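Structure at a glance
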Amino acid sequence: MTESGDKKQLLHLVFGGELESLDDVQFRDLQGLDIVGIFPDYATALTAWKAKAQQTVDNAHMRYFIVHMHRLLDPQEKARGN
């Protein structure tokens, strides 16, 4: 899936899993991580994150995260003010 136009892709990864404890980010089972997907912008990633977080609200150890992949792919981006 590609997007057309001049809008810059700011890729975001949404993933989650069950934590060993509520005090740290250590997953119980790395093989069981739920990779929700990679999204073209923060707003889309946030929508996916909210949906997954809502589905697992009854499990206090289940957490979902948004990773700003565009910052990892272009570390100088923050320095340029983007």
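Residues numbered from 1 in each chain as written. Predicted model: local features only at pLDDT ≥ 70, side-chain atom pairs only at ≥ 80, totals over all residues. Heavy atoms only, no water.

Let's talk about the sheet that holds strand S1 (residues 12-18)
Spatial ordering of the open sheet is given by S2-S1-S3, a layout of 3 strands whose pairing is antiparallel. At either margin of the open sheet sits one strand with a lone partner, and together these are strand S2 (34-39) and strand S3 (62-68). When strand polarity is set aside, the average angle formed by the axes of neighbouring strands in this sheet is 15 degrees. Pairing of S1 with S2 involves 5 bridges; the strand directions are antiparallel. Directly across from Phe15, in S2, lies its bridge partner Ile35. (Pairing = 2+ DSSP bridges. Helix = DSSP H or I, 4+ residues; strand = E, 2+ residues; numbered from the N terminus. Axes fitted to C-alpha atoms, helices over the stretch in contact; angles between N-to-C directions.)

Topic: helix H1 (residues 42-55)
Its 14 residues give H1 an end-to-end C-alpha distance of 20 Å, which sits within 8% of 20 Å, the value for a rise of 1.5 Å per residue. The opening residue of H1, the one whose side-chain oxygen lies 3.4 Å from the backbone nitrogen of Ala43, is Asp41. (Expected span 1.5 Å × (residues − 1). Polar contact = N/O pair within 3.5 Å; in protein donor to acceptor, adjacent residues only side chain to side chain.)

Notes on the side chain of Asp41
Take Asp41: it is sitting in the loop between S2 and H1. By relative accessible area, which is 16% here, Asp41 ends up buried. (Buried < 20%, exposed > 50% of the residue type's maximum accessible area, 1.4 Å probe, protein only.)

Quick notes on the packing of aromatic side chains
According to the stated counting rule, one finds 3 aromatic pairs in the structure shown. Taking 6.1 Å as the distance between ring centres and 85 degrees as the angle between the ring planes, the aromatic pair formed by Phe27 and Phe65 counts as edge-to-face. Separated by 38 residues along the polypeptide, Phe27 in the loop between S1 and S2 and Phe65 in strand S3 bring together distant segments of the chain. Assessed through its relative accessible area of 24%, Phe65 is described here as partly exposed. Counting every residue linked through ring pairs, the aromatic cluster contains Phe15, Phe27 and Phe65. (Phe/Tyr/Trp six-rings, centres within 6.5 Å; stacked < 30°, edge-to-face > 60°.)

Digging into the pattern of salt bridges
Summed over all chains, the structure comprises 2 salt bridges. For Glu18, the salt bridge goes to Arg28, with nearest N and O atoms at 3.0 Å. With Glu18 in strand S1 and Arg28 in the loop between S1 and S2, the pair connects residues that are 10 residues apart, well separated along the chain. The exposure class of Arg28 is partly exposed, given its relative accessible area of 45%. Lys52 is the partner of Asp34 in a salt bridge, and the nearest nitrogen-oxygen pair spans 3.2 Å. Residue Asp34 is located in strand S2, and its partner Lys52 is located in helix H1; the two are separated by 18 residues in the primary sequence. (Salt bridge = Lys/Arg side-chain N within 4 Å of Asp/Glu carboxyl O.)

As far as function goes, none of this settles anything; it's purely spatial.
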